[in-house]
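# Residue-level structure breakdown
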Amino acid sequence: MLRRQLISCFLIVTLSCLSVHWTASQCAPRWDGQGSTPHIREIFIGKCWYYQTRIKVSTSCPKNCTDLWEKFASAFIYKSPCNVTQSNYNDYISAVTDTENIPKDKALLWSGVYPFVYHYSQRGRRLTAMADTFMGYMTNEIGNWCGQEAPPGINYQQCPAWGSCGPRSGVDMVYWEAASKRFAEMASGVVHVMLNGSRVPSYRNTSMFRYVEVPNLREAQVTLLRVLVVHNTGTGQRETCDTGSLIELKNEMNGRGIKYECIDDPQYLTHLLCVDNPGSRECQFAADNILQITNGGSTCGANSQYNYFVLFGYMFIYYIKWPAL
């Protein structure tokens, strides 16, 4: 009799556990993106210490990287990915930027030009884009992250793909909106923006530059918006400074009292584009100069100096390579 009761109790408990497990697995949302990056905590903390000790060494006390991770993770762990809002990241954004500043005249916003924009910014050596800052560096290229209501609170199996939660929703999208808002608020003096003139519109409604960063530029701090329009080699110009959506951007700045300047294909950016596409039509200005030198063409005066500058500049780019980004 006792044996039968024990067996019955065992079966009841076993079936109950299986039922709970089956129900939880069946009810759990099925996302369409990759899960959180394995060891994301360790990667985050490692990037944090690397930035503070190797990239931008601070003379003040370094920030506690474990504490920053806890603030970052608290925004999404044990939460459904589509229910996370910008406000959930407030503590982290405040903590990571409370002692950071963007040098005056050095802020670089962008849209449609990744990763080329970071080839140019050179980790803040030329200008400072989002991923060149402490805030941006720690989450740039860290992979996916999202939470779940069940332990361990982080979903390593699957996360919503970008935009799957709806417009301006999702654990990663709202984070980058919050970070972009803060970056724009910190910009001062001459603010640069790099836009892709080979896509239409260049100043598109769905870009964070338009609906987050532009509205959060502070008129009292920004003296000029300098727009750098680049065009993909081999595709031609589709929008230029005087056409299409860039006219809208100009009018918006004029309406807010912010001075506006726009440059199509600055030569220094065209040179960088030609590193990867030296044979394209747009890059023949350099090829012609090099050809003139090698064929014994005119090498007199200022023209000669420019030709040699182009030649050795390209040799440097090709053989020295870019520092790791």
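An account of the accompanying structure is given in this report. (Residues numbered from 1 in each chain as written. Predicted model: local features only at pLDDT ≥ 70, side-chain atom pairs only at ≥ 80, totals over all residues. Heavy atoms only, no water.)

## Considering the pattern of salt bridges
What counts here: Salt bridges are counted wherever a side-chain nitrogen of Lys or Arg sits within 4 Å of a carboxyl oxygen of Asp or Glu. Each helix is a run of DSSP H or I of at least 4 residues and each strand a run of E of at least 2, with the numbering of both proceeding from the N terminus. Exposed residues in this analysis have more than 50% of their type's maximum accessible area, buried residues have under 20%, and partly exposed residues fall in between, with area computed by a 1.4 Å probe over protein chains only.
Scanning the entire structure with this criterion turns up 10 salt bridges. Note that Arg182 is salt-bridged to Glu185, the shortest N-O span being 3.7 Å. One end of the pair, Arg182, and the other, Glu185, are both in helix H7 (residues 171-186), three residues apart, so they sit about a helical turn from each other. What makes Arg182 partly exposed here is its relative accessible area of 24%. The salt bridge partner of Glu185 is Arg218, with a shortest N-O separation of 4.0 Å. Pair noted here: Glu185 is in helix H7 and Arg218 is in the loop between helix H8 (208-213) and strand S5 (222-230), with a separation of 33 residues, a long-range link. On the basis of relative accessibility, which here comes to 13%, the residue Glu185 falls in the buried class. Connected via shared salt-bridge partners are Lys181, Arg182, Glu185 and Arg218.

## As for the environment of Phe209
The following threshold applies: Contact definition: two residues touch when any of their heavy atoms are within 4.5 Å.
Position of Phe209 among the secondary structure elements: in helix H8. Setting aside chain neighbours within four positions, we find Phe209 in contact with Leu109, Trp110, Ser111, Val193, Leu195, Tyr203, Val214 and Leu249.

## Some thoughts on the side chain of Ser180
Heads up, the condition is: N or O atoms within 3.5 Å of each other form a polar contact, as long as, within protein, one can give a hydrogen and the other can take it, and as long as residues adjacent in sequence are counted only when both atoms are side-chain atoms.
Along the chain, the position of Ser180 falls in helix H7. Assessed through its relative accessible area of 5%, Ser180 is described here as buried. Within the local environment of Ser180, its side chain forms a polar contact with the backbone oxygen of Trp176, the two atoms lying 2.7 Å apart. Beyond its immediate stretch of four places on either side in the chain, Ser180 contacts Met130, Met208, Val212 and Glu213.

## Regarding the packing of aromatic side chains
Going by this rule: Only rings of Phe, Tyr and Trp enter the pairing, Trp through its six-membered ring, and a pair is recorded when the two centres are within 6.5 Å. The plane angle decides the type: under 30 degrees is stacked, over 60 is edge-to-face, the rest tilted.
Taken as a whole and assessed by the stated rule, the structure comprises 20 aromatic pairs. With a centroid separation of 5.1 Å and an interplanar angle of 65°, the aromatic rings of Tyr89 and Tyr175 are classed as edge-to-face. Of this pair, Tyr89 sits in the loop between helix H3 (65-73) and helix H4 (90-97) while Tyr175 sits in helix H7; the two residues are 86 residues apart in sequence, bridging distant segments of the chain. No difference in accessibility class separates Tyr89 from Tyr175, as the two residues are buried. Among the aromatic residues, those joined into a ring-pair cluster are Phe44, Trp69, Phe72, Phe76, Tyr89, Tyr92, Trp145, Tyr175 and Trp176.

## Quick notes on unusual backbone geometry
With omega at 5°, the peptide bond leading from Tyr114 into Pro115 counts as cis. Inspection of the secondary structure assignment puts Pro115 in the loop between strand S2 (108-111) and helix H5 (116-121). Across the junction of Pro151 and Pro152, the peptide omega takes the value 5°, indicating a cis bond. Of note, His39 is a non-glycine position whose phi angle comes to about 60°, a positive value. Residue position: His39 is located in the loop between strand S1 (33-34) and helix H2 (40-55). In this structure His39 comes out as exposed when scored by relative accessible area, which is 58%. The backbone phi angle of Glu141 is positive, close to 60°, even though this residue is not glycine. Mapped onto the elements of the fold, Glu141 is located in the loop between helix H6 (134-139) and strand S3 (158-159).

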